[in-house]
Amino acid sequence: MRAVSFRLLGEIEARVDDHPLDLGHARQRGVLAAMLIDVNQPVTADQLLERVWGDRLPQRPRNALSAYLSRLRAVLADADHVDITRQSGAYLVTADPMVVDLHRFRDLTARARAADDAETGESLLRQALALWRGEALAALDSPWVNAVRHTLDAERLAAELDHNDVALALGRHVALLGRLSAQAAAHPLDERLSGQLILALYRCGRQADALEHYERVRLTLAEELGADPSPPLRHLHRQILVADAALAVAPPRVVSRVEHRADPPVPRQLPAPLPSFAHRARELAELDAVTAGAGESPAAAVVVLSGTAGVGKTTLAVHWAHRVADRFPDGQLYVDLRGFAPDGSVKDPAEVLREFLIALGVPVQSIPSSVDIQAGLYRSLMAGRRVLVVLDNVRDVQQVSPLLPGTPGCHVVVTSRNELTGLAAAQSAHLLPLDLLSPAEARDLLARRLGRERVTAEPAAMDQIVTGCARLPLALAILAARAAARPGFPLTAIVADLRDASGGLDAFTVGDTASDLRAVFSWSYQALSDGAAQLFRLLGLHPGPDIGAPAAASLCGVPLPHVRPLLAELTRASLVMERAPGRYAFHDLLRAYAVELAHTLDKDVERDRAVHRLLDHYLHTAYAADERWDPSRHPIGLAAPQSGVTPERLADHRQALAWFTAEREVLLAVIRLAAGTGFDTHLWQLAWTLADFFDRRGHWHDWAAVLAAGLAAARRLGDGRAAAYIHRGLGRAHTRMGEFARALSHLRRARYLFTRLDDRTGQAHTQLNLAWTSGRRGSYRGAIRRARRALDLYGAAGHRVGRARALNSTGWYHAQLGEHRLAVRYCGRALTLLRAVGDRRGEANTADSLGYIHYRMGRPRAATAWYQRAVYLFRQTGDPYYEADTLTHLGDARRAVGDIDGARRAWRDALAVLEQLGHLDAVAVRARLATSTLPNPQ
């Protein structure tokens, strides 16, 4: 055996049996590194050229790349279990990820952060950091390399800080002190690092030096960022001033920067098993065998179930997943990637990564913006766990590659109409083609659905049904549903009806299956009432993964009570499935059949009207839901809905939130539909309307994406007012994501457009957003100037709610600068005005501000009263995050007056809300509960 290792964390090297290999000059080593970073995943030639050369391509770049790859294959020819292969225009290095120092580093740090004791965590982190030999990817230079190097430097620093924490926990402050001093000098604005050095100095008996370093950090932050030290650093400072005994007590284990729950959540995402499962004994046994042998693989076991549409891939995968779920105690992840959706709404793997990270316990606001970093974080979280991942309806290898765990223990089942042989080469995936049912399996499926007595009584008819359905499980299930609804009919009558039908779904099936499948569909369709048949056709125009009954009513232009029995009729015929109570979906083949019928039987004008009604339904319902949250929001003025549209009535903010949550994916699909059908006004108005929902739930990437589509629509319309609204929304979204330069660019454009329109309310809103962006950057003086400008504009526009909110913002930014009397004056004026106009949401925010100000002024009893008022109002207005945030501060105020029991009650209530939201702030609240006898200033 000739063991190979690759080194990227320094000079790029390859070694066999610890002897270096000659990898050639820098560009050739760069080609190898560019593939090793994505080891076992295909990288296209264009990606390699961009990664290694950037915009400075050599002459005949593909020839140069091919030559480098040939030389690398020759160099690595003697290395065991390492191959460089080409497939479909892409290249990949196949190897155990643990032979690459970068992937071993990430594995060790992930295991350290999951360790149960500090000794183990310290050892693993020490091993991880020892892998670094200098600057990562040394001697390479391209925009991609520089971006990767920046990311790796951040990962290295994070690991160093984690190691510092655990070393301090183990009492190794003396040995650590020299390194901490050097690190703090190199990173003067890193408050976590400064806190570690201050603590080490204090534990070494150097209290004066610790306090001097704190003061130096405070001055640096003020000069560089215009900000005060963070609450944890201020808390540590106060503890040192009083020689708090708790500083001698170290935490018991490493706490990851992304960890936010005492126990990681266990996702249970499998859909309910489908009733039309055929026995499939051979395939089940093969799946079991792959799982049993998975421990021999250095990576996650991957099985690809492939086959034609309707052959039962999803049914088999879900059935088997439920059967073996207990073998995967860390949970099951499931996603329908919609790889062959007729409307082209293929699911982006980046979106799935975000959903999986949330399911694994990462707060939405902690998810990195880079897809590569998201994938790395996903693999790190999956390391050491036993999770079953079902990736359903995959289009190609590129769609599924970022979603594969990188370490053993996990098991992945992929379903696709394509064979995905690339996964066999890259991941040693087990390919399991799914054929049509055998005649015996097909008869067994029908017998279980119709009863054995009925089918054995007419064996010849049974054989003709099996043949007519081409032994396709979906066709058999639909026919069985129809036959079960007519128990008195002989099977020979069903055969006669089947023989009379004709046609074929040629675009979605292969071979002779096509004509028979359409025969089954048409036979079920022709038995529908006229209303149900029309609904079935129109459902093909709906772009989302499922539809609610109210939207179906608007699609048809009928009242809601009229559509419910039609949906029930379609469900009984197995032409749609009720996926969840009140939500309906159908198979891609049935959707394609419905679309064909709609374009054959319905006139263009009828289809256009149905789409218009559908867009009106979602726009007007979303707008009404948004108004439940913030009635004072800048109105945009919708056109009246089309005749037959019945927008949903949402009684309060809780119903509004539930509706937005249930319809999120549908709304994204509806926006794509509006873009593809020329409904640009609906497009930008929907993008604007969804802003508060995306903001509150942390879907900031979705928010920015739909606003970008909305901006394009506004430009096509030549609508300056629409563009102003969308630019302002983009400014808010980019501020949320910390992208302040882009935020300021959009907000300045919005301000210019609103000024041209002489819209003072729009100008005022934009100035207040600019103030918020300045505050997020730590520029509180600039924030005050902009908030006061907003105050003047609101006054000129006669916008009383806006004036009140600008007053509160001005007071808040004065409080950040320690100007408490001015802060009380502004917030008091805001409160008076908010109560006069009945804006309870604004009153809640201002009460929270006043609680903060009084606490900072050393008046914890007054702060307690204000915080209690704010908590009550946030509960009334349905703002759970702000309710939890205020409860946390309420606990601090109660502790400051000696009410420890009351403080713990407030923190426990805050923790319950934050855990439900999956919010990172839960870490700090747990820390308060763990040290509830200590002072903890804000």
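For the structure, see preceding data.
Because the structure is predicted, anything quoted here is derived from the model rather than measured.

Caption draft 1: Summary view of the overall build of the chain. The helix and strand inventory of the chain stands at 42 helices and 14 strands. Taking all 938 residues of the chain together, 56% fall into the buried category. Sequence-distant contacts, at least 24 apart, represent 69% of the contacts inside the chain between residues at least 6 apart. Per element, the accessible surface of the chain, about 38,500 Å² overall, is 51% carbon and sulfur.

Caption draft 2: Structural context of the pairing of strand β2 (residues 13-16). Two elements, strand β1 (residues 4-7) and β2, share 4 bridges in a ladder whose sense is antiparallel. What sits directly across from Phe6, in β2, is Ala14. Between the antiparallel neighbours β1 and β2 lie 5 residues, among them Gly10 with a positive phi of about 145°. Sheet topology places β2 next to strand β3 (residues 19-20); 2 bridges connect them, and they run antiparallel. When the bridges of β3 are listed, Arg15 appears paired with Pro20.

Caption draft 3: Inspection of the packing of aromatic side chains at higher detail. Considering all chains together, one arrives at 16 aromatic pairs under this definition. With 5.9 Å between their ring centres and 75° between their planes, Trp688 and Tyr725 make a pair best called edge-to-face. One end of the pair, Trp688, is in helix α29 (residues 680-689); the other, Tyr725, is in helix α32 (residues 720-736), with 37 residues separating them in the sequence. Centroid distance Tyr725 to Phe754: 5.7 Å. Interplanar angle 90°. Geometry classified as edge-to-face. In this pair, Tyr725 sits in helix α32 while Phe754 sits in helix α33 (residues 740-756), placing the two residues 29 residues apart along the sequence. When its relative accessible area of 3% is taken as the criterion, Tyr725 is described as buried. Note on Phe754: relative accessible area 0%, which makes it buried. One aromatic cluster is present, formed by Tyr623, Trp684, Trp688, Tyr725 and Phe754 through successive ring pairs.

Caption draft 4: The sheet that holds strand β6 (residues 90-94), seen in detail. If you trace the 3 strands from one edge of the open sheet to the other, you get β4-β6-β5, paired in antiparallel fashion. Across the chains shown, the open sheet's two edge strands, defined by having one partner strand only, are β4 (43-44) and β5 (83-87). The sheet contact formed by β4 and β6 spans 2 bridges and is antiparallel. Looking at the pairing, Val43 lines up with Tyr91 of β6. The strands touched by helix α1 (residues 26-36) within the sheet are β4, β5 and β6, with β6 carrying the most contacts at an inclination of about 80°.

Caption draft 5: Structural view of α32. Between the first and last C-alpha of α32 there are 25 Å, a value that for 17 residues agrees with the 24 Å anticipated at 1.5 Å per step. For α32, the tally of buried residues reaches 14 of 17 residues, placing the bulk of the element in the interior. Measuring from the side-chain oxygen of the N-cap residue of α32 to the backbone nitrogen of Arg721 gives 3.1 Å; that N-cap residue is Asp719. Remark: Gly738 follows α32 within two positions and exhibits a positive phi of approximately 75°.

Caption draft 6: Inspection of the packing of α32 against helix α34 (residues 760-776) at higher detail. Where α32 meets α34, the closest approach of the two axes is 10 Å, and the angle between their N-to-C directions is 15°. One way to sum up the angle between α32 and α34 is to call them roughly parallel. Of the two possible hands of crossing, α32 and α34 adopt the one that is left-handed. Where α32 abuts α34, its residues Arg728, Arg732, Thr735 and Arg736 lie against Gly762, His765, Thr766, Asn769, Trp772, Thr773 and Arg776.

Caption draft 7: Representation of the environment of Thr681. Tracing the backbone shows Thr681 in helix α29. Of the residues examined, Thr681 reaches a relative accessible area of 36% and is grouped as partly exposed.

Caption draft 8: Just the side chain of His854, in detail. Take His854: it is sitting in helix α38 (residues 840-856). In this structure His854 comes out as buried when scored by relative accessible area, which is 11%. If near-sequence neighbours (up to four positions away) are discounted, His854 is found in contact with Arg859, Ala862, Ala863 and Trp866.

Caption draft 9: Up close: the sheet that holds strand β8 (residues 332-336). Pairing within the open sheet is parallel, and its 5 strands lie in the order β8-β9-β10-β7-β11. Two strands close off the open sheet at either side, each with one partner strand: β8 and β11 (430-433). The mean inter-strand angle of the sheet, taken between neighbouring strand axes irrespective of direction, is 15°. The strands touched by helix α11 (residues 281-292) are β7 (301-306), β10 (411-416) and β11; relative to β11, the strand with the most contacts, the crossing angle is about 175°. Each of β8 and β9 (388-394) touches helix α13 (residues 349-359); the most contacted strand, β8, lies at about 155° to it.

Caption draft 10: Examining the nonpolar core more closely. Leu528, Leu535, Phe536, Leu570, Tyr618 and Phe660 are the most contacted members of the largest nonpolar core, which totals 81 residues. Every residue in contact with Leu528, bar those within four places of it in the chain, is listed here: Ala533, Phe536, Glu569, Leu570, Ala573 and Leu575.

Caption draft 11: Broad picture of the pairing of β10. Of all 6 residues that make up β10, 6 are buried, and the element is covered over most of its length. By the alternation rule, side chains of β10 split into His411, Val413 and Thr415 and Val412, Val414 and Ser416, which are all buried. Relative to β10, β7 runs parallel, the two being bridged by 6 bridges. Looking across to β10, one finds that Ser306 is bridged to Ser416. In the sheet, β9 pairs with β10 via 5 bridges, with the strands oriented parallel. From the neighbouring strand, Val389 faces β10, where its bridge partner is Val412.

Caption draft 12: Layout of the side chain of Arg15. Among the structural elements, Arg15 can be located in strand β2. Judged by relative accessible area, which is 17%, Arg15 ranks as buried. Beyond its immediate chain neighbours, meaning those up to four positions away, Arg15 contacts Ala3, Val4, Ser5, Arg7 and Pro20.

Caption draft 13: Spatial organisation of the packing of helix α23 (residues 530-539) against helix α25 (residues 560-572). Contact geometry of α23 with α25 gives a least axis separation of 9 Å together with a crossing angle of 80°. One way to sum up the angle between α23 and α25 is to call them roughly perpendicular. Counting all contacts with α23, which are made through Gly531, Ala532, Leu535, Phe536 and Leu539, the residues of α25 involved are Val563, Leu566, Leu567, Glu569 and Leu570.

Caption draft 14: Quick peek at helix α40 (residues 880-896). The terminal C-alpha atoms of α40, which comprises 17 residues, lie 24 Å apart, in line with the 24 Å expected from a rise of 1.5 Å per residue. Of all 17 residues in α40, 12 are buried, a share of seventy percent or more. Listed in full, the buried residues belonging to α40 are Glu883, Ala884, Thr886, Leu887, Thr888, His889, Leu890, Gly891, Asp892, Ala893, Arg894 and Arg895.

Caption draft 15: Highlighting the environment of His682. Summarising the element assignment, His682 is placed in helix α29. When the C-alpha atoms of His682 and Val670 are compared, they prove to be 9.6 Å apart, with 12 residues separating the residues in sequence. Other than its neighbours up to four places away in sequence, His682 contacts His612, Leu615, Asp616 and Leu619. A distance of 2.6 Å separates polar atoms of two side chains, one belonging to His682 and the other to Asp616.

About the thresholds
- Residues numbered from 1 in each chain as written.
- Predicted model: local features only at pLDDT ≥ 70, side-chain atom pairs only at ≥ 80, totals over all residues.
- Heavy atoms only, no water.
- Helix = DSSP H or I, 4+ residues; strand = E, 2+ residues; numbered from the N terminus.
- Buried < 20%, exposed > 50% of the residue type's maximum accessible area, 1.4 Å probe, protein only.
- Contact = heavy atoms within 4.5 Å.
- Areas by Shrake-Rupley, 256 points an atom, 1.4 Å probe, with all protein chains shown as cover.
- Pairing = 2+ DSSP bridges.
- Phe/Tyr/Trp six-rings, centres within 6.5 Å; stacked < 30°, edge-to-face > 60°.
- Axes fitted to C-alpha atoms, helices over the stretch in contact; angles between N-to-C directions.
- Expected span 1.5 Å × (residues − 1).
- Polar contact = N/O pair within 3.5 Å; in protein donor to acceptor, adjacent residues only side chain to side chain.
- Parallel < 35°, antiparallel > 145°, perpendicular 65-115°, else oblique.
- Left-handed = near helix turned anticlockwise from the far one by under 90°.
- Core = buried A, V, L, I, M, F, W, Y, C linked by side-chain atoms within 4.5 Å.

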